[in-house]
Amino acid sequence: FKTERYCERAKLDCGFRVTPSISPAVKPGESFKFKVEFSPKVPNFKCSDYFIVEHLYRTYCIIFAKATVKGSECSLSCRQIQMTCSSEKKKAVKKFEIRNNGGCTLHFQFTIDNSNSCVKLEPYEGSIQPLKNLYITVTYTSTSHTSYFKRIFCVLTYHDPIALDIYGIWSKKGDCSVLKLVNIPILSNTYQSFMNNVTSVGIRDELPLISLDTYNFDFGCCVPKKQKQLSFSITNNSTEKLSVIWNQE
């Protein structure tokens, strides 16, 4: 008997092997066992392949093989971080852990510009070996006496992005407004919702000049080369006209 990969299939090698390619002579009434092996090459991937088993009389049968390869398994030790600054403490530092719970090397990058942000992450990109953890240091330096919020994402190879919410708070003695840590609502779904909650316990003058109705966009399933658009609105919370310039971090 002889085995070979089905010639009408695409040439993409999915990692399946049938061995040996040619069997020894098999006597009438006896059988021979082939081995089907699979060596994963790409994480988080579903693959399949076909093989032909034929003998000298050109009769043959087709066998089908399929497999699902597990992808990266990653988690963060926390999803919200609160950082408090004051006139005595102008910089806040905290740490959290990124955990590689899977069996393949994990490559990560946080969507933040360390050179142009009051929040810095070190390291903000890198790789983690299987079943290892890495501590990330978050540094918040307050640039004004107002509350601060930013949602960043940890972008990972073969894994969905993981959101991380960072709240910066300016604390002042004798002030019972939003600046107190206990008054900050940390589980709001959107930035606008967060700021609306802040309004009920804080001082309106401390709201940001502008706010967005959404800052998280999910385009869902998309067709290649076919454009898909989503929209958002921006609100001017001040009494003056504002010009907005967008830049991409």
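The model shown is predicted, which means the values in this text are computed figures rather than measured ones.

**Considering the environment of Leu 156**
- With respect to the helices, strands and loops of the structure, Leu 156 is situated in strand β13 (residues 148-156).
- Put simply, Leu 156 and His 107 are 49 residues apart on the chain and 5.8 Å apart in space, counted from C-alpha to C-alpha.
- In contact with Leu 156, other than residues within four places in its own chain, are Cys 74, Ile 98, Leu 106, His 107, Phe 108 and Ile 162.

**Quick notes on unusual backbone geometry**
- Residue Pro 20 is bonded to the preceding Thr 19 through a cis peptide linkage, with omega at -10°.
- In this model, Glu 122 is joined to Pro 123 through a cis peptide bond whose omega is -10°.
- Here Pro 123 is to be found in the loop between β10 (119-122) and β11 (125-128).
- Within the chain, Leu 131 stands out as a residue other than glycine whose phi angle is a positive 60°.
- Mapped onto the elements, Leu 131 comes out in the loop between β11 and β12 (133-141).
- Residue Leu 131 is classed as exposed on the basis of its relative accessible area of 64%.

**Section: the pairing of strand β4 (residues 45-54)**
- Sheet topology places strand β1 (residues 2-5) next to β4; 4 bridges connect them, and they run antiparallel. Within the sheet, the bridge partner assigned to Glu 4 lies in β4 and is Ile 52.
- Relative to strand β5 (residues 60-69), β4 runs antiparallel, the two sharing 10 bridges. Its bridge partner lying in β5, Phe 51 is registered against Ile 63.

**Here's the deal with the sheet that holds strand β7 (residues 80-86)**
- Here we have 5 strands laid out as an open sheet, ordered β7-β14-β13-β9-β11, and mixed in their pairing. The sheet is open, and its two edges are formed by β7 and β11, each paired on a single side. Looking at each pair of strands side by side, their axes are set apart by 25° on average, direction ignored.
- Inspection of the sheet shows strand β9 (residues 106-110) paired to β13 by 3 bridges, in the antiparallel sense. For Phe 108, the partnering residue across the bridge sits in β13 and is Leu 156.

**Thoughts on the pattern of salt bridges**
- Going through the model one piece at a time under the given rule, you end up with 3 salt bridges.
- One salt bridge connects Glu 97 with Arg 99, and the closest N-O pair in it is separated by 3.4 Å.
- Here Glu 97 falls in the buried class, since its relative accessible area comes to 13%.

Analysis parameters
- Residues numbered from 1 in each chain as written.
- Predicted model: local features only at pLDDT ≥ 70, side-chain atom pairs only at ≥ 80, totals over all residues.
- Heavy atoms only, no water.
- Helix = DSSP H or I, 4+ residues; strand = E, 2+ residues; numbered from the N terminus.
- Contact = heavy atoms within 4.5 Å.
- Buried < 20%, exposed > 50% of the residue type's maximum accessible area, 1.4 Å probe, protein only.
- Pairing = 2+ DSSP bridges.
- Axes fitted to C-alpha atoms, helices over the stretch in contact; angles between N-to-C directions.
- Salt bridge = Lys/Arg side-chain N within 4 Å of Asp/Glu carboxyl O.

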